[in-house]
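Descriptive structure summary
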Amino acid sequence: MRNINHWIDGRTWDGEPDRVGPVFNPATGEQAAQVALAGTREVDAAVSTARKAFRDWRNVPLTRRQNIMFAYRELITRHRLDLARLLTAEHGKTIDDALGEVQRGLEVVEFACNIAHLVKGSFSEQVSRSVDTYTVRQPLGVVVGITPFNFPAMVPMWMFPIALACGNTFVLKPSEKDPSPSLMNAELLAEAGLPDGVFNVVHGDKEAVDALIGHPDVAAVSFVGSTPIARYIYEQGTRNGKRVQALGGAKNHMIVLPDADMDLAADAAVSAGYGSAGERCMAISVVVTVGDAADRLLPKMRERVSEVVVAPGDADGAQMGPLVTGQHRDRVVSYIDAGESEGATLVEDGRGLEVEGHEDGYFLGPTLFDDVTPDMSIYRDEIFGPVLSVVRTGAYQEAIDLVNANPYGNGTAVFTNDGGAARKFQAEIEVGMVGINVPIPVPLAFYSFGGWKDSIFGAHSIYGPDGVSFYTRPKVVISRWPDPIHRGVDLGFPQHG
Ligand code: NAD
């Protein structure tokens, strides 16, 4: 059995873990490895190493920090297929999709290669006689990333390249379900020249997370995961005095107006609904049709759904792999059961799908419901699997009101050929990331990523300019040179320059 251990101070931790957890191969259902689960002891070791490393790292010249990011970028590019294979082995997604994940992470690394531009301060000369005022942005110290299973490479890469380039040191707590990509990143960062202790990985579950968010030497916490845990991290972290950004779950709606190009809309709904087996925070999970759009859209969607190739992620031609664990697959199946019993019309049923030679893998076929209503659990809850619901509405305003009434606000899209309708959507929709004829509106690295409402807690979105702002704090300096003027004691506010 392969053992997966922590990465502390530039090397694999050599202690004996008190607890371990299983890591499965989702395509076969077999346990592939066991991962160490950290407690206070390992968290203390990682944080104190990162704290020590911060003293030097914050003083490493900015250009040198950028150069290390450049070197890391080259290494990731060279090893992108190895990283993708590692992702597929533990997560289950297709190699092609995993390569896309690596690419999206790489774009944040590239952004961090030019971070100097964004950490520049400002300068005002002669704000008073011989007095100048200027600002600098400084790193926070030890910052922590806590990340979900569904993007084991990309989501950590949303965080640490920017945090490190800004001069912080980092402790990553990746998902215990697919921990290996984080260790590969740690090794590549070390090879790129990152000093020991600047980037550390502790594996674990709630115990490790609680030790991190309560640790007095942790300055900030970035979290990405489900909404209940995001809320918990935000509340606990801020109570402990940390700066916190916590991104939560989603229920992303795609509105299709009767004038839309129905082939385009069907391609988009099926790709965005079932890509990565629906295990994406930006996956479309509800298609909201207006007027007679459903009657023309649904047959086209069914045609495409029936052709989706479900197979192990590394198989030739695979379009959709297994779900991450057996437990998660069973949970998704229980939602399909509930949808049926609550009265939705099941038009494509993914239950019972078997992949030859992989009968114990966690596979589930694409599933499509029509006539879904907002009171049903398949509408209300984030299922995080290959289950798409169609909700029919009579009018555009009704569709917009439905989206706005939903507690989540991560991503949304409208499909239409009417510019005025698209403009109304952009103006009125209460969601943080909006697609117009684009089903998954994920901004590139020079913008920031973040939803609204229950999809985010805290004032900062992630990566891009918001990332720089999150991982630095401004300091304003007021200085008088050359000769301080002796004015004598004056207890009043200055009235003249
Ligand atoms: P999760 O919330 O179960 O786990 C996320 C992290 O929190 C993991 O590292 C996990 O070990 C830790 N954790 C789990 N339970 C905990 C607890 N009780 N106390 C403290 N820490 C705990 O999420 P997941 O199942 O790994 O990932 C899927 C979720 O992530 C979905 O809800 C998805 O929408 C969301 N997600 C959101 C975004 C976004 O950008 N908004 C991106 C990716 C995933």
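Whatever comes next refers back to the structure up there.
Bear in mind that the values here come from a model prediction, so they are computed numbers and not experimental data.

On to the overall build of the chain. Within the chain, the secondary structure is distributed over 15 helices and 23 strands. Relative to the 2.2 N^0.38 estimate, which gives 23 Å for 497 residues, the radius of gyration of the chain is 25 Å and therefore close to what a compact globule would have. In terms of overall dimensions, the chain has C-alpha extents of about 85 × 60 × 40 Å along its principal axes. Partitioning the contacts of the chain with sequence separation of at least 6, the portion at a separation of at least 24 is 73%. Summing over all exposed atoms, the chain offers an accessible surface of approximately 20,700 Å²; the carbon and sulfur share of this is 50%. Charge separation in the chain, taken as the distance between the mean sites of 44 positive and 63 negative side-chain charges, equals 10 Å.

A few words on the site of the ligand. Around the ligand, the surrounding shell holds 27 residues, and the nearest of these are Thr147, Lys173, Glu176, Ser226 and Glu382. A distance of 2.7 Å separates an oxygen atom of the ligand from a polar atom in the side chain of Lys173. In isolation the ligand offers 840 Å² of accessible surface; the protein chains occlude 88% of this area. A breakdown of the residues in the shell around the ligand according to their chemical character gives 14 nonpolar, 9 polar and 4 charged.

A contiguous nonpolar surface patch, about 350 Å² in accessible area, is contributed by Leu444, Phe446 and Tyr447. On the secondary structure map, Phe446 appears in the loop between strand S20 (433–436) and strand S21 (452–453).

Together, Glu30, Glu354, Glu356, Glu359 and Asp360 line one region of the surface with negative charge. Inspection of the secondary structure puts Glu30 in strand S5 (residues 30–37).

Another aspect to go through is helix H10 (residues 293–306). Taking 1.5 Å of rise per residue, the 14 residues of H10 would be expected to cover 20 Å, and the 20 Å separating its terminal C-alpha atoms lies within 8% of that figure. All of the buried residues along H10 are Ala293, Ala294, Leu297, Leu298, Met301, Arg304 and Val305. Across the axial projection of H10, the buried residues extend over an arc of 130 degrees, all falling on one side. Facing away from the buried side of H10 by over 90 degrees, the exposed positions are Asp295 and Ser306. For H10, the elements touching its buried residues are strand S13 (252–256), helix H9 (262–274), strand S14 (284–290), strand S15 (345–348), strand S16 (367–370) and strand S17 (387–393).

What follows covers the pairing of strand S8 (residues 142–146). The side chains of a regular strand alternate, first on one face of the sheet and then on the other. Judged by how many residues are buried, S8 sits mostly within the fold: 5 of 5 residues are covered. The two faces of S8 match: Val142, Val144 and Ile146 on one face and Val143 and Gly145 on the other face are all buried. Here 5 bridges tie S8 to strand S9 (residues 169–173), and the two strands are oriented parallel to one another. Bridging across to S9, Gly145 finds its partner in Leu172.

Another aspect to go through is the sheet that holds strand S4 (residues 19–25). Spatially, the 3 strands line up as an open sheet ordered S1-S5-S4, and their pairing is mixed. The sheet terminates laterally at strand S1 (2–4) and S4, the two strands that pair on one side only. If you compare each strand with its neighbour and ignore which way they point, the axes differ by 35 degrees on average.

As a further point, take the sheet that holds S17. Spatial ordering of the open sheet is given by S15-S16-S17-S14-S13-S19-S20, a layout of 7 strands whose pairing is mixed. Sheet topology places S15 and S20 at the edges, where each strand pairs with a single neighbour. With direction set aside, neighbouring strand axes in the sheet form an average angle of 20 degrees.

The rules we used
Residues numbered from 1 in each chain as written. Predicted model: local features only at pLDDT ≥ 70, side-chain atom pairs only at ≥ 80, totals over all residues. Heavy atoms only, no water. Helix = DSSP H or I, 4+ residues; strand = E, 2+ residues; numbered from the N terminus. Rg over C-alpha atoms; globule rule 2.2 N^0.38 Å. Contact = heavy atoms within 4.5 Å. Areas by Shrake-Rupley, 256 points an atom, 1.4 Å probe, with all protein chains shown as cover. Lys, Arg positive; Asp, Glu negative; His and termini not counted. Charge placed at Lys NZ, Arg CZ, Asp CG, Glu CD. Near = heavy atom within 4 Å. Polar contact = N/O pair within 3.5 Å; in protein donor to acceptor, adjacent residues only side chain to side chain. Nonpolar A, V, L, I, M, F, W, Y, C, P; charged D, E, K, R; others polar. Patch = residues over 30% accessible without salt bridge, like charges linked within 9 Å, V, L, I, M, F, W, Y side chains within 5 Å. Salt bridge = Lys/Arg side-chain N within 4 Å of Asp/Glu carboxyl O. Expected span 1.5 Å × (residues − 1). Buried < 20%, exposed > 50% of the residue type's maximum accessible area, 1.4 Å probe, protein only. Arc of directions from axis to C-beta. Pairing = 2+ DSSP bridges. Axes fitted to C-alpha atoms, helices over the stretch in contact; angles between N-to-C directions.

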